[in-house]
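So the chains spell out like this:
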Amino acid sequence: MGEFASYVGGIAAFLASLSYIPQLKKAWPRGSTGDLSLGMLAALTLGLTLWVVYGLLRQDWVVVGANAIGAGLAGVVLACKFRDMR
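Owing to the predicted nature of the structure, the values given are computational and were not obtained by experimental measurement.

S.K.: So what exactly am I meant to see when it comes to the pattern of salt bridges here?
M.R.: Enumeration over the complete set of coordinates arrives at 1 salt bridge. A salt bridge links Asp 84 to Arg 83, with the nearest nitrogen and oxygen atoms 3.0 Å apart. Classification of Asp 84 by relative accessible area gives partly exposed; the value is 28%. By relative accessible area, Arg 83 is classed as partly exposed at 30%.

S.K.: Before we go on, may I ask you to explain unusual backbone geometry in this structure?
M.R.: Note on backbone geometry: most residues besides glycine have negative phi, and most peptide bonds are trans. Residues other than glycine seldom take positive phi values, yet Gln 59 does so here, at roughly 55°. By secondary structure assignment, the location of Gln 59 is in the loop between α3 (38-58) and α4 (61-85).

S.K.: Would you mind going over the confidence of the model for the protein with me for this structure?
M.R.: Fine structural detail should not be taken from predicted coordinates in areas where pLDDT scores are low. Here the protein averages 84 in pLDDT, while 95% of its residues score no lower than 70. The secondary-structure element of the protein with the lowest mean pLDDT is helix α2 (residues 21-30), recorded at 75, while α3 shows the highest, at 91.

S.K.: Would you mind going over the nonpolar core with me for this structure?
M.R.: The tendency in soluble globular proteins is for nonpolar side chains to be buried side by side. If you look at the biggest cluster of nonpolar residues, it comprises 10 residues: Tyr 20, Leu 24, Leu 36, Leu 41, Leu 48, Ala 71, Leu 73, Ala 74, Val 77 and Leu 78. Contributing elements (two or more residues each) for this core: α3 and α4. Of the residues forming this core, the biggest block, 5 residues, is contributed by α4. If sequence neighbours within four positions are ignored, Leu 48 has contacts with Tyr 20, Asn 67, Gly 70, Ala 71 and Ala 74.

What counts as what
Residues numbered from 1 in each chain as written. Predicted model: local features only at pLDDT ≥ 70, side-chain atom pairs only at ≥ 80, totals over all residues. Heavy atoms only, no water. Salt bridge = Lys/Arg side-chain N within 4 Å of Asp/Glu carboxyl O. Buried < 20%, exposed > 50% of the residue type's maximum accessible area, 1.4 Å probe, protein only. Helix = DSSP H or I, 4+ residues; strand = E, 2+ residues; numbered from the N terminus. pLDDT = per-residue confidence, 0-100. Core = buried A, V, L, I, M, F, W, Y, C linked by side-chain atoms within 4.5 Å. Contact = heavy atoms within 4.5 Å.

Here it is as structure tokens:
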């Protein structure tokens with residue numbers, strides 16, 4: 001059952017990470033992050049980073065991998081938001 005749970009977690013992580021791709025594709029080349037909330041992006045990036053820490057503490061590599069991808073993508077969008085605020 002543990003192996004099945006890892007597959008389910010991996011698929012869930014992949015699908016959840018896909019939700020960041022459209023925002024990243026919009027924000028990166030055009031600098032169009034005006035419709036994205038700085039507070040939401042900061043909270044999302046911090047929350048996902050804390051999930052990575054939690055996964056590391058629990059040695060749960062599905063949690064680590066899934067949230068590391070999401071945190072990385074959200075962090076890039078957050079960096080684009082800071083870039084656009086200048």
